[in-house]
Amino acid sequence: MLLGVNIDHIAVLREARKVNDPDVLLASFEAYLAGANQITIHLREDRRHIHETDVKNIITHSKIPVNLECSIDSEIINLVLKLKPSRATLVPEKREELTTEGGLNLEIPNLKEVTRKLQENEIEVSLFIDPTEESIQLAHGLKADWIELHTGAYANTYLMLNSNLANTNYSIKELQKSRKELKELINLELDKIKESAKFGEYLGLKVAAGHGLNYQNVKDIASIPEIKELNIGQSIIARSVFVGLKQAIKEMIECVK
Ligand code: PXP
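Residues numbered from 1 in each chain as written. Predicted model: local features only at pLDDT ≥ 70, side-chain atom pairs only at ≥ 80, totals over all residues. Heavy atoms only, no water.

Asker: Give a description of the sheet that holds strand 5 (residues 124-129) that names residues and reports values.
Answerer: Around the barrel, eight strands lie side by side as 1-2-3-4-5-6-7-8; this closed barrel has parallel pairing. Neighbouring strand axes in the sheet, compared pairwise and without regard to direction, differ in orientation by 25° on average. With four bridges joining them, strand 5 and strand 6 (residues 146-150) adopt parallel strand pairing. Bridge pairing in strand 6 places Phe 128 opposite Glu 148. Along the sheet, helix 6 (residues 133-141) contacts strand 5 and strand 6; its crossing angle with strand 5, the most-contacted strand, is approximately 160°. (Pairing = 2+ DSSP bridges. Helix = DSSP H or I, 4+ residues; strand = E, 2+ residues; numbered from the N terminus. Axes fitted to C-alpha atoms, helices over the stretch in contact; angles between N-to-C directions. Contact = heavy atoms within 4.5 Å.)

Asker: Describe the site of the ligand, and please don't skip the residues or the numbers.
Answerer: Neighbouring the ligand are 13 residues; Glu 69, Glu 148, Gly 212, Gly 233 and Gln 234 lie closest to it. Within the backbone of Gly 233, a nitrogen or oxygen atom sits 2.8 Å from an oxygen atom of the ligand. In the environment of the ligand, an oxygen atom lies 2.9 Å from a nitrogen or oxygen atom belonging to the backbone of Gln 234. When the free accessible area of the ligand is taken as 400 Å², the share hidden by the protein chains comes to 95%. With respect to the detected pockets, the ligand is housed in the largest pocket. (Near = heavy atom within 4 Å. Polar contact = N/O pair within 3.5 Å; in protein donor to acceptor, adjacent residues only side chain to side chain. Areas by Shrake-Rupley, 256 points an atom, 1.4 Å probe, with all protein chains shown as cover. 1 Å grid on protein atoms, 1.4 Å probe; cavity = no way out; pocket = protein on both sides within 12 Å on 5 of 7 lines; lining within 4 Å. Sits in = over half its atoms within 2 Å of the grid points.)

Asker: An account of helix 7 (residues 152-162) is needed here, citing residue identities and associated values.
Answerer: Buried within helix 7 are the following residues: Gly 152, Tyr 154, Ala 155, Thr 157, Tyr 158, Met 160 and Leu 161. Tucked into the core, helix 7 has its buried residues touching strand 6, helix 8 (179-202) and helix 9 (218-222). (Buried < 20%, exposed > 50% of the residue type's maximum accessible area, 1.4 Å probe, protein only.)

Asker: Account for the nonpolar core, naming residues and giving values.
Answerer: Of all hydrophobic cores here, the largest spans 80 residues; its most connected members are Leu 90, Leu 118, Leu 127, Ile 221, Leu 230, Ile 236 and Ile 249. By residue number, the principal contributor to this core is helix 11 (residues 245-256), which donates seven residues. Those residues in contact with Ile 221 that sit more than four places away from it in its chain are Thr 151, Tyr 154, Leu 190, Ile 193, Ala 209, Leu 213, Ile 227 and Leu 230. (Core = buried A, V, L, I, M, F, W, Y, C linked by side-chain atoms within 4.5 Å.)

Asker: Now, about the environment of Lys 250: what can you tell me, with residues and values included?
Answerer: Mapping Lys 250 onto the fold places it in helix 11. A relative accessible area of 40% places Lys 250 in the partly exposed class.

Asker: I'd love a proper account of the packing of aromatic side chains, names of residues and values included.
Answerer: Scanning all chains against the criterion turns up two aromatic pairs. Aromatic side chains Tyr 154 and Tyr 158 sit 6.1 Å apart centroid to centroid with 55° between the ring planes, which places their arrangement in the tilted category. Placement of the pair is Tyr 154 and Tyr 158 together in helix 7, with a separation of four residues, close to one helical turn. For the pair formed by Tyr 154 and Tyr 158, the shared burial category is buried. Ring plane angle 15° and centroid distance 6.5 Å describe the contact between Phe 199 and Tyr 202, whose orientation is recorded as stacked. Placement of both Phe 199 and Tyr 202 in helix 8 is noted, with a separation of three residues, approximately one turn of the helix. Its end group placed over the ring of Tyr 215, Arg 239 keeps NZ or CZ at 5.6 Å from the ring centre. (Phe/Tyr/Trp six-rings, centres within 6.5 Å; stacked < 30°, edge-to-face > 60°. Lys NZ or Arg CZ within 6 Å of the ring centre and 35° of its normal.)

Function cannot be read off these values alone, since they describe shape.
Written as structure tokens, this is what we have:
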């Protein structure tokens, strides 16, 4: 299992003060030294954390592949073509969201063209999708190299069932259900991810997964044999505040093993 470490939240901390600290390039080196297989960053249209200069610096100096998450906005895609990461993961983007909320709409008219253009420029294309049979079929039709299965619904259900989230200000309204219902729901979400991973691999797609994965909920996802890579950010950076980034990544590597 490969681990891509998403270091956007290092830049979130920097942007809280708009200074040059903490340094995202240094974070990418620490991730490499800790054993990460890939650096994942998201160049958002509003540049709320990662900036173009961060992407440039990391792509230039990283010893491991760089997976650049981005929307299919034409200005962003032109930048990606110039910056040339190893992979572009196409994600939906809304200005007002805290984080990527759902899978990409695969019926956007120019998606095939964008995918082809990126691939012609030696950039692998991954599509961040909801774990459904229809999405996998469409991703296959678009000739993507990778699919990344959105694990957010599974992760949210896991938090409401197994952590204290339900008793905090961050309790998720739609998931305020009985334990019995949450257990049924989590099994359903897990089954969707398992089935999607199997179907994706069957169609020849490389399968990754990510969103909301943490040190507790990652094990069930990491044990799905068709999933070859996980992209994890928030939980690692949150833990790094207490134990240091390298240690937090090493602990996650142990979990995904
Ligand atoms: N994969 C994709 C496509 C994402 O958009 C994100 C969030 O930026 C992640 C993985 C990582 O999610 P998290 O920060 O919740 O681990």
